[in-house]
Amino acid sequence: MACARALPSSSQDRVAVATAERDRFCDEEVEQAAAVALRAVQSADPLYVTVSSSKGSYQALLLGARLWLPAHQGVTPQWLERTLRCHQARLALQPPSTGPALLDPFWLPDGWIDIDVVAERGGFIVVLRGDSVARGQQIYARAQAFVAKAPNER
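Description of the structure in this document. (Residues numbered from 1 in each chain as written. Predicted model: local features only at pLDDT ≥ 70, side-chain atom pairs only at ≥ 80, totals over all residues. Heavy atoms only, no water.)

### Digging into the environment of Asp-110
Counting through the fold element by element, Asp-110 comes out in the loop between helix H3 (77-93) and strand E3 (114-120). Taking the C-alpha atoms as reference points, Asp-110 and Trp-79, 31 residues apart in sequence, are found 26 Å from one another. When sequence neighbours within four positions are dropped, the list of residues in contact with Asp-110 reads Arg-14, Arg-135 and Gln-138. (Helix = DSSP H or I, 4+ residues; strand = E, 2+ residues; numbered from the N terminus. Contact = heavy atoms within 4.5 Å.)

Next up, the structure:
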């Protein structure tokens, strides 16, 4: 897993990061591939991070979700991450929606998600990490709702 990136906190910061991510990762090929990648998501697990607390005890914090997608010929972790980061940037730059984007775990209307992809278990694990427990809970709830939907409804 890659190192965590600094997540933008204000609305202006999110727009600036979304614009930079769109310019860096988006092109016609990636935009078309996002729909295929979203339909391929098979499962969602919570992403817990263990932190040390006082007196040597540890606490598990829910900071997001781990999504599993099967491997497909020609798809690499780098390509999938680029596709999903473009998808997040596009949604972040659109006006608020009430449609399927509300259950999309790859973006938050009031936050930013750190997205990492690793090859694992004959497919890919997409790690979605928020910058707080509240956002982590929101990401995981959205991921569960997303996986519960039929692939053709995503």
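### Some details on helix H2 (residues 28-40)
Of all the bends in H2, the greatest measures close to 25° and is centred on Ala-34. Its side-chain oxygen 3.1 Å from the backbone nitrogen of Glu-29, Asp-27 forms the N-cap of H2. (Bend = angle between axes of the 7 residues up to and from the residue. Polar contact = N/O pair within 3.5 Å; in protein donor to acceptor, adjacent residues only side chain to side chain.)

### Details of the sheet that holds strand E1 (residues 43-52)
The strand order E1-E2-E4-E3 describes an open sheet built from 4 strands, whose pairing is antiparallel. Both outer strands of the open sheet, E1 and E3, are each paired with one neighbouring strand and no more. Put simply, the sheet's adjacent strands are angled 30° from each other on average, direction ignored. Of the pairings in the sheet, the one linking E3 to strand E4 (residues 123-129) comprises 7 bridges and is antiparallel in character. If you follow Ala-119 over to E4, its bridge partner there is Phe-124. Sheet strands touched by helix H4 (residues 133-148): E1, strand E2 (58-70) and E4. Its angle to E2, the strand with the most contacts, is close to 30°. (Pairing = 2+ DSSP bridges. Axes fitted to C-alpha atoms, helices over the stretch in contact; angles between N-to-C directions.)

### Side note on the side chain of Asp-104
Its place among the elements puts Asp-104 in the loop between H3 and E3. At 2.8 Å, the side chain of Asp-104 and the backbone nitrogen of Phe-106 are in polar contact. With near-sequence residues (within four places) excluded, Asp-104 lies in contact with Leu-38, His-87, Leu-91, Arg-142 and Phe-146.

### So, the nonpolar core
Within the largest apolar cluster, 23 residues are counted, with the highest numbers of intra-cluster contacts made by Leu-67, Leu-80, Leu-84, Phe-106, Val-126 and Leu-128. Going through the elements one at a time, H2, E2, H3, E3, E4 and H4 are the ones with two or more residues in this core. In contact with Leu-67, other than residues within four places in its own chain, are Val-41, Ser-43, Ala-44, Pro-105, Phe-106, Phe-124, Ile-125, Val-126, Leu-128 and Ala-143. (Core = buried A, V, L, I, M, F, W, Y, C linked by side-chain atoms within 4.5 Å. Buried < 20%, exposed > 50% of the residue type's maximum accessible area, 1.4 Å probe, protein only.)

### Description of the pairing of E2
The sheet contact formed by E1 and E2 spans 10 bridges and is antiparallel. Bridge pairing in E2 places Leu-47 opposite Gly-64. Remark: 5 residues form the turn of the hairpin made by E1 and E2, two consecutive strands paired antiparallel; Lys-55 in that turn has positive phi of roughly 60°. Both E2 and E4 contribute to a ladder of 7 bridges, which runs antiparallel. Across the sheet, Leu-67 pairs through a bridge with Val-126, a residue of E4.

### Some points on the state of the cysteines
Inspection of the entire model under this criterion finds 1 disulfide. The residue that forms a disulfide with Cys-26 is Cys-86, at a sulfur-sulfur distance of 2.0 Å. Given an S-S torsion of about 120°, the disulfide between Cys-26 and Cys-86 has right-handed geometry. With Cys-26 in the loop between helix H1 (11-25) and H2 and Cys-86 in helix H3, this pair connects stretches of sequence that are 60 residues apart. (Disulfide = S-S within 2.5 Å.)

### Section: the pattern of salt bridges
Within this structure, the stated rule accounts for 6 salt bridges. Ionic pairing is found between Asp-23 and Arg-22, a salt bridge with its closest N-O pair at 3.2 Å. A relative accessible area of 26% places Arg-22 in the partly exposed class. Measuring nitrogen to oxygen at the nearest pair gives 3.3 Å for the salt bridge that ties Arg-85 to Glu-81. Of this pair, Arg-85 and Glu-81 both sit in helix H3, 4 residues apart, which is roughly one turn of the helix. No difference in accessibility class separates Arg-85 from Glu-81, as the two residues are buried. Three or more residues joined by partner-sharing salt bridges are found here, namely Glu-21, Glu-81 and Arg-85. (Salt bridge = Lys/Arg side-chain N within 4 Å of Asp/Glu carboxyl O.)

Geometric descriptors of this kind do not, in isolation, establish any biological role.
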